[in-house]
Amino acid sequence: QKEVEQNSGPLSVPEGAIASLNCTYSDRVSQSFFWYRQYSGKSPELIMSIYSNGDKEDGRFTAQLNKASQYVSLLIRDSQPSDSATYLCAFPPRGFGNEKLTFGTGTRLTIIP
Amino acid sequence: GAVVSQHPSRVICKSGTSVKIECRSLDFQATTMFWYRQFPKQSLMLMATSNEGSKATYEQGVEKDKFLINHASLTLSTLTVTSAHPEDSSFYICSARAGTGAQFGQGTRLTVV
C-alpha cells in the first residue's frame, strides 16, 4: 500500500461550484497533514494544514481530517479559474517534523469558466 | 515571511557535465534543508536531507556520489548533479523549515541534452 494516495484526476469543476479533493494515508501515527497547491512549473505552496479530527476552514478552503479512517480531504468553495492547479496532500513520515514531507501523487484540478 | 531562494531557476547542460544548484534561506537560519525531485506529471520525491556541518542523509535509491550535497553554512545548501545524463532532467526543489511547516524554494528546471 502506498503511503499516500490521492484521487488522481484530472478533476474538472464548473466555476462557482465546490471542488472536492481526497487523500488517504497508511501511517496511523501521522499527526499533521498539509495541502499544497502547485501551479505548472512552480514549486508547491502551502494552502492548509490540519492536525485535529474534524473540519478546519480558511476562506474558501476547508480541510477535513478523519484519523480513524485515515482520510483527509480539501473542499474548495466558489471555485475560481485561478484555483486550477495540482493539489498535493502531504504529511511528515514517522518520527519526523513538519518540514520533511511525504507527498501524494497529486490531483490535477481544472475550473471551467 | 520566511523565504527560501533557489538558483538557478532553469539550467540546460550537456550530458556528462556537472550542475550546481543553490538553496538559500534569506531571512532565517536553516540547520536542515531538504532536496526533492519531481518528474513530469509525478509528485515530489524526497532525495536527501541536508544537514549543516555534517553529511547529508540520502533516501533509498538515490546515489550519493552522483548527487553531492554540501551544507556549509546555516543559510546555504547546494546540490551538485555530477556527470549529468538526460534521465536526470527533472524539476529539483529545496525546502527548509520555517515556522510550523516547510518553505519551498522556487525550484530548478534541469534539462540535460
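These numbers were taken from a predicted model, which means no experiment stands behind them. (Residues numbered from 1 in each chain as written. Chains lettered and ligands numbered in written order. Predicted model: local features only at pLDDT ≥ 70, side-chain atom pairs only at ≥ 80, totals over all residues. Heavy atoms only, no water.)

Any chance you could explain the packing of aromatic side chains here in plain terms?
Between two aromatic rings, the relevant description is the distance of the centres plus the angle of the planes. A full pass over the atoms with the stated rule returns eleven aromatic pairs over all chains. Considering the side-chain rings of A:Y36 and B:F104, the 5.4 Å spacing of their centres and the 90 degrees angle between planes classify their relative orientation as edge-to-face. One end of the pair, A:Y36, is in strand β4 (residues 33–38); the other, B:F104, is in strand β10 (residues 101–104), on a second chain. Judged by its relative accessible area of 7%, B:F104 falls in the buried class. (Phe/Tyr/Trp six-rings, centres within 6.5 Å; stacked < 30°, edge-to-face > 60°. Helix = DSSP H or I, 4+ residues; strand = E, 2+ residues; numbered from the N terminus. Buried < 20%, exposed > 50% of the residue type's maximum accessible area, 1.4 Å probe, protein only.)

Help me out: how do you make sense of the interface of chain A and chain B in this one?
Note on interface size: it is often stated as the accessible area lost on association of the parts. Contacts between chain A and chain B engage 16 residues on the former and 20 residues on the latter. For the chain A face of the interface with chain B, the top three residues by lost area are A:E99, A:K100 and A:F103, together amounting to 40%. Counting the contacts that link chain A with chain B gives one salt bridge. The salt bridge involving A:K100 is made with B:E59; its shortest N-O contact spans 3.5 Å. The tally of links between chain A and chain B comes to five residue pairs in polar contact (both at pLDDT 80 or more). Classifying every residue of the side of chain A that touches chain B by side-chain character gives seven nonpolar, six polar and three charged. (Contact = heavy atoms within 4.5 Å. Buried area = accessible area lost by both parts, 1.4 Å probe. Salt bridge = Lys/Arg side-chain N within 4 Å of Asp/Glu carboxyl O. Polar contact = N/O pair within 3.5 Å; in protein donor to acceptor, adjacent residues only side chain to side chain. Nonpolar A, V, L, I, M, F, W, Y, C, P; charged D, E, K, R; others polar.)

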